[in-house]
Amino acid sequence: MLGVSFARIGAVFLKELIQMRRDRLTFGMIIGIPVLQLVLFGFAINSDPKHLPTAVNVQDPSVYSRTLVRALENSGYFRVTNIVKGEREGAALLASGSVAFVVTVPPEFSRELARGDRPQILIEADASDPAAAANAVAAVAQLPSTVFNRELTGALAPLRSTPPPFEIVVHRRYNPEGISSYNVVPGLIGVILTMTMVLITALAVTREVERGTMENLLAMPLKPFEVMAGKILPYIFMGYIQVTVVLVAARLLFGVPMLGSYFELSIALALFIAANLSIGFTISTIAANQLQAMQMTFFFFLPSILLSGFMFPFRGMPEWAQWIGSILPNTHFMRIVRGVMLKGSHLGDMVADLWPLAAFMLAAMTIALMRYRRTLD
Amino acid sequence: MTATLAIDVSELTKSFGTRKVVDKFSIQVPRGQVWGFLGPNGSGKTTTIRMLCGLLLPDSGTGTCLGYDIKSQASEIKRNVGYMTQKFSFYEDLSIRENLDFVARIYEMADRKRVVDQAIERLGLVERQQQLAGTLSGGWKQRLALAACILHRPQLLLLDEPTAGVDPQARREFWDEIHQLAAQGLTVLVSTHYMDEAERCDRIVYLAYGTVLARGTVAEVIEGSTLSTWIVTGSDVRTLAGELHGCEGIDQVSVFGVTLHVSGRDAEKLERAIAPFRARTEFTWEKSSPSLEDVFIHLMAPFRARLTG
Ligand SMILES: Nc1ncnc2c1ncn2[C@@H]1O[C@H](COP(=O)(O)OP(=O)(O)O)[C@@H](O)[C@H]1O
Ligand SMILES: [Mg+2]
């Protein structure tokens, strides 16, 4: 652009930086929101479903099998809905989704147990909802060493010591490695950035209007691009701080791996953050006050979280929703992040998602610049 | 540019919606003069000033500021004009020094640090330079705003009610500074509600509801009003005021402590009206020229009648 002055961009940049530092609440929010969302989505929303329908296939009815089934039910995760005869019946129930687990007590279980042969109990889990299966499986891990304490008395008492008298073997079906926080946490980077970046720029400009400092800003020889660049740059750094917080938390809390390169991720990030900041800037040219800016931000945020493939699988959405989704920067960024972190993809593999992101950013910036008021009219 | 007129605009008109806020406004202000801009609230002073510095586009009319066209050369005007807004519009969450530094950076001043240091010294705020602007009192905020608008050494200053709500001592110092700046060749257009400030201006322009009602030196404006005024002194002028109110030929009666200003448009009618009262011995009557305030209130009379009637 003609006659753009880096000194003036620097002036605005510095001013924003100082104001950001003084505004403790906003600063706290910027760190707090990622942590809060991470915990909410990572732990709470991947909730801990209980009383999951369970089929039992008892091939050796005895006091042990009855105690075991009762213990499973007492754990809170299993609710016996079906008693089946034979493997095939149990597999069919699992496949149709009628039950989440099939528990099989093999023939000769009580005799092998008494002999100290450590027989195996098989739990087949429908792992297509990995969070649900994971918690239930974790809950039964302690069962073998304690569940038969009351039954193992007299001559059998020595069996109570380690190793436990029997084993539980878990087979995950349909999604053997599906660990959902791997999928959710990278997606959260996009969601968190969409929310905070859009909101923060929308507020930063609207605040100038509301406090009356806009009049002064307009009375000075500042070009719209200089104001925009100066206001956007500090928040790009802010965005990187947030991403760092999420990445560290993803590693420490959920053990999410990073297979790709941080450098490539940060390039895609710059594009994505700038796209969101431009949207925020555009909102600020429309909103009359901070409340309106906030409402418009949420108007943009909702489809970004619902239609981007974060909440629901993208391919499963109706066509119109996919169409809206593919305009949104979050949709493409989410694929890039998941690709880089979980599959170790390179940017070169993801041109199909990079160019819509770049196009969106350019369009949003152009609209923001065109709409930026040069006068008070 | 070396135009001899700092401001030269004619027929500026501005409406908001269907309401005409400024109607055919014209002034020519020579360089180096201090002009006062008066008028009741909502008469269009702020709107006019905003048009002069390129913050609002006039609907019609033409003109230049410092030789630059107000419609097409707004950025040149912004570089050379200092505009002090009616409402404090620097950053309350920035310190005094940070605000000044911000302005100096925007104007890309080469000797930034020195300029800011000097401004802070002139303000006498060296010790408090790290204090947030939002914690300053009204008078100090105004002085900071003035310091910030003259930082880039503008040739024209537009001050919008710079002394509203400021104590008399601070007002006087503020005006001393304005005259010092004018002596260095700066042109100043300042809007105000204070009569004593109007009297310190080279020329005044009186605006009411978008139209200029009077202009010229203070003497010229008083002269042009054709208003006659008598000043009455006595022990109980308040009772007298009540009696005089509404008498044929008397347009204005106002009490100033122990004196009373009695004015009328028509000198002869006024004299006839007060004749019976002059016979009383407890008051002394003295013919005088009206004060600026008498004139302004007189100028507004037709509008008041329209608004209340
Ligand atoms: N941006 C605006 N939109 C609509 N009306 C406005 C705007 N700015 C000023 N006005 C109206 O124009 C009139 C003149 O305002 P202003 O120029 O601020 O007067 P003054 O400065 O003399 O008090 C007022 O009635 C005000 O309400
Ligand atoms: Mg005003």
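Residues numbered from 1 in each chain as written. Chains lettered and ligands numbered in written order. Predicted model: local features only at pLDDT ≥ 70, side-chain atom pairs only at ≥ 80, totals over all residues. Heavy atoms only, no water.

Peer 1: Describe the nonpolar core, naming the residues involved and giving the relevant values.
Peer 2: By size, the foremost hydrophobic cluster in this structure holds 149 residues, and its most contacted members are Ile7, Leu100 and Leu158 of chain B. Discounting chain neighbours no more than four positions away, the residues touching leucine 158 of chain B are Ile7, Ile49, Leu52, Cys53, Val81, Gly82, Tyr83, Met84 and Leu189 of chain B. The next biggest cluster of nonpolar side chains, apart from the first, holds 28 residues, and it includes Val56, Leu72, Val105 and Leu159 of chain A. (Core = buried A, V, L, I, M, F, W, Y, C linked by side-chain atoms within 4.5 Å. Buried < 20%, exposed > 50% of the residue type's maximum accessible area, 1.4 Å probe, protein only. Contact = heavy atoms within 4.5 Å.)

Peer 1: Would you mind going over the sheet that holds strand β5 (residues 68-69) of chain B in detail, with residue names and values included?
Peer 2: Either a parallel or an antiparallel arrangement is found when strands of a sheet pair, and the pairing is made through backbone hydrogen bonds. All names here are of chain B. Pairing is antiparallel in the open sheet, where 4 strands are placed in the order β2-β1-β4-β5. Two strands bound the open sheet, and with one partner strand each, they are β2 (19-30) and β5. Alignment of strand β4 (residues 60-65) against β5, held across 2 bridges, turns out to be antiparallel. Bridge assignment links threonine 64 to a residue of β5, and that residue is aspartate 69. Contacts from helix α1 (residues 45-52) reach β1 (5-16), β2 and β4 within the one sheet, and its direction differs from that of β1 by about 120°. (Pairing = 2+ DSSP bridges. Helix = DSSP H or I, 4+ residues; strand = E, 2+ residues; numbered from the N terminus. Axes fitted to C-alpha atoms, helices over the stretch in contact; angles between N-to-C directions.)

Peer 1: Could you give me a rundown of the coordination of the magnesium ion (ligand 2), with the residues and numbers involved?
Peer 2: Residue and element names in this part refer to chain B. Looking at the magnesium ion (ligand 2), one finds its protein donor set to be Thr46 (OG1) and Gln86 (OE1), positioned 2.0 to 2.2 Å from the metal centre. You can see threonine 46 sitting in helix α1 and its partner glutamine 86 sitting in the loop between β6 (81-84) and α3 (96-106), a full 40 residues away along the chain. Take threonine 46: its relative accessible area is 18%, and that puts it in the buried class. (Donors = N, O, S within 2.8 Å, 3.2 Å for Na, K, Ca; no water.)

Peer 1: Tell me what's going on with the pattern of salt bridges, and back it up with residues and numbers.
Peer 2: Two side chains that carry opposite charge are able to pair once their charged atoms sit near each other. Residue and element names in this part refer to chain B. Within this structure, the stated rule accounts for 30 salt bridges over all chains. Aspartate 111 is paired through a salt bridge with arginine 114; the nearest N and O atoms lie 2.7 Å apart. What makes aspartate 111 partly exposed here is its relative accessible area of 25%. Assessed through its relative accessible area of 45%, arginine 114 is described here as partly exposed. The partner of aspartate 111 in a salt bridge is arginine 153, with the nearest N and O atoms 3.6 Å apart. (Salt bridge = Lys/Arg side-chain N within 4 Å of Asp/Glu carboxyl O.)

Peer 1: Can you tell me about the domain arrangement of chain B, naming the residues and giving the values?
Peer 2: Residues and elements named next belong to chain B. Parsing chain B into structural domains produces domain 1 (2-216) and domain 2 (222-308). Of note, the centres of domain 1 and domain 2, computed from C-alpha atoms alone, are 36 Å apart. Each partner contributes to the interface: domain 1 provides 11 residues, whereas domain 2 provides 7 residues. Contact with domain 2 buries area across many residues of domain 1, yet Met195, Tyr206 and Tyr209 alone supply 57% of it, more than any other trio. Summed over the shared surface of domain 1 and domain 2, the result is 0 salt bridges. Our count for the contact surface shared by domain 1 and domain 2 stands at 0 residue pairs in polar contact (both at pLDDT 80 or more). Sorting the residues of the side of domain 1 that touches domain 2 by element identifies α7 (195-198), β9 (203-208) and β10 (211-216) as the ones contributing at least two each. Per-element tally for the side of domain 1 that touches domain 2: the top contributor is β9, with 3 residues. Taken together, the residues of the side of domain 1 that touches domain 2 break down into 10 nonpolar, no polar and 1 charged. (Domains from an automatic or database assignment. Buried area = accessible area lost by both parts, 1.4 Å probe. Polar contact = N/O pair within 3.5 Å; in protein donor to acceptor, adjacent residues only side chain to side chain. Nonpolar A, V, L, I, M, F, W, Y, C, P; charged D, E, K, R; others polar.)

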